[in-house]
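Now for the letters of each chain:
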Amino acid sequence: MSPISQQKTQLCAGESRLDLVIGTELKSLTEDMLGLGERLRDILDDSLASRIGDALNAVKKQHCSIAVLGQIKAGKSSFVNALIGRPGLLPTDVNPWTAVVTRLQFAMPGQPRNGALFTFFDENEWHRFAQNGGGISELAARLVPDHEEARYQQNLEAMRRRAELRLGRHYHHLFGKTRSYADATPEVIERYVCLGQHIEETSQELAPGRYADITKTADVFFETEPFASPVTVIDTPGTNDPLLIRDEITMRAIEDADVYVVVLTAQQPLTASDIALLRILHGLRKSRIVVFINRIDDLTGGVSSGSQTIADAVQAVIGREFPGARIPVVVGSASWANSALDMTADASRLLTPELAGYARDTGAMGPHEQIAASPERMREVLFACSGIPAIASHLSALMLRGTNGYWLYELGQTLLATASSVTSAARSEIAALTSAMNGGEEPALAKDLENSVAHLQRLAGVAADVENYQIAAEKYLRQEVAESVISLRRTLEDHVAAFASEQSRAVHHAWLQGENERTWRCNAVPLRNALEELVLHTFWEAGKRLIDTERQAAPELRKMLQDVVPGINLQLTPTSLLNFNLTPSLTPLSRAVVFDLEDRWWQLWWRRAHSAEEKAQKIRELVTAEFSPVVAELASSVEADLEKYILMAIRRFFSRAQNVLRGIAEKEEKLARTYEALLAAAAEGPPLPREQQQRIDDLQAHAAAGDELTDMLKACLERCLPLIQDQQRAAT
Amino acid sequence: MPNLFSWLWQPFQRPDNTPSREGSGGSEPEEAALQAGLRLTRERLAPLAASHASAAAASRALRKLDERLSRPLRVALLGEFNTGKSSLARLLLGSTMSAPDVLPETAVPVLFRYAEQPSLCLVSSDGERRAVAAGTVTPGLGGESVRMIEVGLPLGLLRRVEILDVPGAANPASRTGEIPLHIVRDTHFALWCTPATQAWKGSEQRAWLALPQRLRPASLLVATHMDLLREQTDRDKVMNRLRRETRGYFRDVAMISTTQRAMSIEQSAAEREEARRQGASTDLWYANGGRAFWSGLMDTVAAARAAREESAARVARRIAAWTAARLSPPQDSDQRAVILDLWRKQAEALARALTGNAAPDEAALAGFADELSRFASNALKPGLEPYLGREAANAIAMLFSCEPRALARTLGGRSGDATAQRLKGVLAQLSEELVEALDAAQTQLAAPRNGSPELRHVFDGLLQPETAT
């Protein structure tokens, strides 16, 4: 399906209201699941009820983060404003303007519902940033020591001077501090996150960008709208900035989001830099990406044919570069959306006849609808054309597919297992009570009690077995991980060593051949690619082995349980690494090394007096020195992520079984106590049929409720299933 | 002092009262004067060419220079894809030969050059040119075989400036990556196009800085799609940022709108005025930065022309010096003997230093490097060359093909460094050969001169016109 027609379907679905709600599906699924959980908790006994309560609370704390990425001047901040329905909130400009990663938090658990909080660099961070210019000039100093590059130093000097001019001579006092505001107006935000004018006369108290140089993070808090559930939207400074410092800031911020919106411009859709960005995200298996081609209002040809062509071309390139990836593409204009949302703007004036044609083509307007309709209607049309509603619906779907969906699925499984064990326990108690009441003889009761106690003992035995099994499994898996990591580290080191020799041979040869400084340089890209491939390969291979182990453990575990809980309905599907949003961090690889420096640095290095042998030796040392920490970091990141998987997946896996055992044991204990009471009653006189009957009625109600809940949970899990399958597909 | 050198050089000299070249797009009269000088010198060299290889070589070199000056300047339109390069080309040409689309489409460089009749020509990667009929060139054309498309147009402008429209960089769709260096080899300056709404990204900066440095002071940064910035203050902001961030990378920054129908460069001022009176859209372009761009472009062309001319004059001067040195009469024989003796001693010292086993200390090395460099410049001293045999000339050439300081540095590397040892061995051998050659030259000088009346005759003939004036 072409993106335009996707959009058309979207628009025809009536989603042209100005007040979007994003993530309703996730919300309704969550609410349904939590509702069932509450009902289940009501029929549980105290200790089990509190455990289920914990599980419910864990899900209530879940939230989703959406990172907005793209090159400078792609219109990321405008897009965010349009998406959250607050035109003009994040400041924008004709020059690159956003300098600070800004997190907009909507009804996040434990966070306020309004205001803003800005955190400044601490002394060390500022020192590294402003004195050494972040990574780049540190690198330059490593490659060509004692060489000062005038231009770069000028930039840094300008930055320090600007900070001083803007903040006064004692700006150092601000380091490590935070500033909070009860009212996050655009003016306040502008003071902290914008680049500001370069001209140095902007030292006034309220000038835009006054604090931008020293602000590390910005958090702005909101009520839930337009999101149905807790969400953080992250606006970032653009990538591909000529000033490398800001590029670095963004790359550091992109690690942990659940959903990514990559913003392109219609004029230059999908440049090599965009592909590079998508490649990084895709390499991290961050498959929850949606591409927004912004600024179709800038197209000078026909908007309709133009945007169609662009969308098709972008889709084609994405298809070619990332085969099998499902990355939706939406064309639109954040500017239109912001105009539509801005009640002071005249929407009917913006809706030109050409745009109306586009609206009719996409179905935002009826084929015979006239422009002259009500202003409110024109706003809706403009908003629909902006592509924001289409993005919102993609986001809703992607939010479900993320970790959130997985946690719901997990909760559903736990609830289901609990419900069915509760039901079966209730049924056996009913049977016991009924048989006791219908002519319960003392010897029979004594026998039942004996059975019950024996069962309890068996349960305890199985619980211990399961625990031992868990300990053994964990130990085994840890060893497995340790071995993988050791071999990974060795392989990576070998690769670096081989690369170092290769490069040192190359430089030796080049020097003797009398090549000049322009033609030779060390290109570290192949090494990076090789390391990346190795890391990802090892990670997914190790992950696969972990899952296999889990898969083998499942029937074993089921067999253990089957003995004590016949007919138990326990879902023990192994979980994918992706469910936990676990991907190895490749950030160490994107950390700049001296080999990324521009050619002129290498020319300087080449001109330094060395013999061929010395040059070769230097290169070998440089490669080893630069990549050793990278290799170490990569290996430990893989190790940490796999460990996390063991902790999260294996423990959950086993604790579900333990939960069931515990639930049954509690019921069994009750049953034993009932037998004891009946025995005591039989010894003292006639039984108390009324009380027993009451108990049986209660239990029957429990069992019925349990049955109903089981069915409803199954239906609810059905709804989760596509999300999980989606992920499992992505994992293979 | 009238001499051979000034005789050869004089035709290239620029009169002191250089006429102003403002806005004329280049100083043709002056260039013509330079070319006339080149031709005059070649006429003077012609009678010598048959007997003197150096005169023939000089004549050939001067002819090449002359040809190069006759060729139009070449401007390359560069930038990432969809930045308005093709629109700019169309604007400059006033033609619709290459229509831009929203998607990048120019996969092959297109060269617009002058032709009497409109023509189209495909240049293959092995340099073969094939004329084709207009209309057979489809947008998808390209592939491996076609390296360039040449479009011939009967436009006066193209006589002065050829326009090379280079495919946009950074476009993953057509897999055109970086700008290949060979494309800009023959260009005199570039117009780097960047969209005003998303101007000067990191990738553009990297691509531009990877191109030859010589283009920087001659080229313009052109921010296109200016009409998308509706407020003048916005335009100023962007211009300020571009000037600030590209300081030292370009001659100047201009901002234009290429989306309005373009005004042909062929239009005269009167036609322009007429168009303005009729409210034609050309006026829009003119208002949308066109005027400033136009004058900036003209200045750039003039500057590029002046730079080319200056460099041609420099080359001509070097050729003149070289030729004069080879054709000059020998110096006084006593002086020559002194010089040769000095050289011989130096070469001996050199050979001794190099064959000695002790690692030379730093001061010795510095002195050594000095000696080498002095030796290098002396060896080229005109007049003595005929006395050095081929071996000596070779030895000198070998010795001084290395930059003396680099040589000293290499020799000063670690003792026991194999390269240094090898190098020392070679140098020592060369120095010894040089000593022998210089001995022979001294002997030759001491012997009564009986030879080369022919040579003397040639020099006399050459000197005559100069003494006459």
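Let me sum up the structure you'll find in this document.

Conventions adopted
- Residues numbered from 1 in each chain as written.
- Chains lettered and ligands numbered in written order.
- Predicted model: local features only at pLDDT ≥ 70, side-chain atom pairs only at ≥ 80, totals over all residues.
- Heavy atoms only, no water.
- Helix = DSSP H or I, 4+ residues; strand = E, 2+ residues; numbered from the N terminus.
- Buried < 20%, exposed > 50% of the residue type's maximum accessible area, 1.4 Å probe, protein only.
- Lys, Arg positive; Asp, Glu negative; His and termini not counted.
- Salt bridge = Lys/Arg side-chain N within 4 Å of Asp/Glu carboxyl O.
- Polar contact = N/O pair within 3.5 Å; in protein donor to acceptor, adjacent residues only side chain to side chain.
- Axes fitted to C-alpha atoms, helices over the stretch in contact; angles between N-to-C directions.
- Parallel < 35°, antiparallel > 145°, perpendicular 65-115°, else oblique.
- Contact = heavy atoms within 4.5 Å.
- Nonpolar A, V, L, I, M, F, W, Y, C, P; charged D, E, K, R; others polar.
- Patch = residues over 30% accessible without salt bridge, like charges linked within 9 Å, V, L, I, M, F, W, Y side chains within 5 Å.
- Areas by Shrake-Rupley, 256 points an atom, 1.4 Å probe, with all protein chains shown as cover.
- Charge placed at Lys NZ, Arg CZ, Asp CG, Glu CD.
- Pairing = 2+ DSSP bridges.
- Phe/Tyr/Trp six-rings, centres within 6.5 Å; stacked < 30°, edge-to-face > 60°.
- Lys NZ or Arg CZ within 6 Å of the ring centre and 35° of its normal.

**Some remarks on the side chain of R288 of chain A**
Residues and elements named next belong to chain A.
Next, step 1: Considering the arrangement of structural elements, one finds R288 in the loop between helix 10 (272-283) and strand 8 (289-294).
Next, step 2: No salt bridge forms around the buried R288; measuring N to O, its nearest opposite-charge neighbour D258 is 4.9 Å away.
Next, step 3: Looking at R288, its side chain comes within polar contact range of the main-chain oxygen of D258, at 2.9 Å.

**Remarks on the packing of helix 11 (residues 303-321) of chain A against helix 14 (residues 353-362) of chain A**
Residues and elements named next belong to chain A.
Next, step 1: Closest axis-to-axis distance for the helix 11/helix 14 pair is 8 Å, and the angle between their directions is 50°. Considering the angle they form, helix 11 stands oblique to helix 14. Taken together, the residues of helix 14 that come into contact with helix 11 (itself represented by V303, S304 and S307) are E354, G357, Y358 and D361.
Next, step 2: Looking at the contact of helix 11 with helix 14 residue by residue, the classes come out as two nonpolar, three polar and two charged.

**Looking at unusual backbone geometry**
What is expected of a backbone is that most residues other than glycine have negative phi and most peptide bonds are trans.
All names here are of chain A.
Next, step 1: Cis geometry is found at the peptide bond from E225 to P226, where omega equals 5°.
Next, step 2: For P226, the position within the fold is in the loop between strand 5 (215-222) and strand 6 (231-235).
Next, step 3: The phi torsion at L270 lies on the positive side, around 60°, for a residue other than glycine.
Next, step 4: For L270, the position within the fold is in the loop between strand 7 (259-265) and helix 10.
Next, step 5: Note on L270: relative accessible area 2%, which makes it buried.
Next, step 6: Of note in this structure, R295 is not a glycine but carries a positive phi near 65°.

**Details of the pattern of salt bridges**
Pairing is possible between side chains that carry opposite charge, provided their charged atoms lie close to one another.
All names here are of chain B.
Next, step 1: Using the criterion set out here, one finds 25 salt bridges over all chains in the structure.
Next, step 2: When the shortest N-O distance is used, the salt bridge between E80 and K201 registers 3.6 Å. Highlighted residues: E80 in the loop between strand 1 (73-79) and helix 4 (85-93) and K201 in the loop between strand 7 (189-195) and helix 6 (202-210), separated in sequence by 121 residues. Assigned by exposure class, E80 and K201 land together as buried.
Next, step 3: Each of R74, R113, R129, E150 and E162 takes part in salt bridges that share partners, so that together they form one network.

**Some details on a positive patch on the surface**
Next, step 1: A surface patch of positive charge is lined by R60, K64, R68 and R71 of chain B.
Next, step 2: With respect to the secondary-structure elements, K64 of chain B resides in helix 3 (residues 53-70).

**Section: the sheet that holds strand 2 (residues 101-106) of chain A**
All names here are of chain A.
Next, step 1: Spatially, nine strands are ordered 4-3-5-2-6-1-7-8-9 in an open sheet, and the strand pairing comes out mixed. Looking along the sheet, the strands with just one partner apiece sit at the ends: strand 4 (178-181) and strand 9 (329-331). Neighbour-to-neighbour, the strand axes of the sheet open up by a mean angle of 20°, direction not taken into account.
Next, step 2: Alignment of strand 7 against strand 8, held across six bridges, turns out to be parallel. What sits directly across from V262, in strand 8, is V291.

**Some thoughts on the sheet that holds strand 8 (residues 220-224) of chain B**
Within a sheet, adjacent strands bond to each other through the backbone by hydrogen bonds, running parallel or antiparallel.
Residues and elements named next belong to chain B.
Next, step 1: Pairing is mixed across the open sheet formed by nine strands, whose spatial order is 4-3-5-2-6-1-7-8-9. Every other strand in the sheet has two partners, leaving strand 4 (129-132) and strand 9 (252-255) as the edge strands with one partner each. Each adjacent strand pair in this sheet contributes to an overall mean axis angle of 25°, direction not counted.
Next, step 2: For strand 8 and strand 9, the ladder comprises four bridges, and the chain directions are parallel.

**Digging into the packing of aromatic side chains**
Next, step 1: What the rule picks out here adds up to 15 aromatic pairs over all chains.
Next, step 2: Taking 6.1 Å as the distance between ring centres and 85° as the angle between the ring planes, the aromatic pair formed by Y171 of chain A and F175 of chain A counts as edge-to-face. Each member of the pair, Y171 of chain A together with F175 of chain A, is buried.
Next, step 3: Relative to Y211 of chain A, the ring of Y192 of chain A has its centre 4.6 Å away and its plane inclined at 10°; by these criteria the two rings are stacked. Pair noted here: Y192 of chain A is in helix 8 (residues 186-193) and Y211 of chain A is in the loop between helix 8 and strand 5, with a separation of 19 residues, a long-range link. The burial state of Y192 of chain A is the same as that of Y211 of chain A; both residues are buried.
Next, step 4: Aromatic rings pair up to connect F118, F120, Y181, Y192 and Y211 of chain A into one cluster.
Next, step 5: Here the basic side chain of R159 of chain B rests over the ring of Y114 of chain B, its NZ or CZ set 4.1 Å away from the ring centre.

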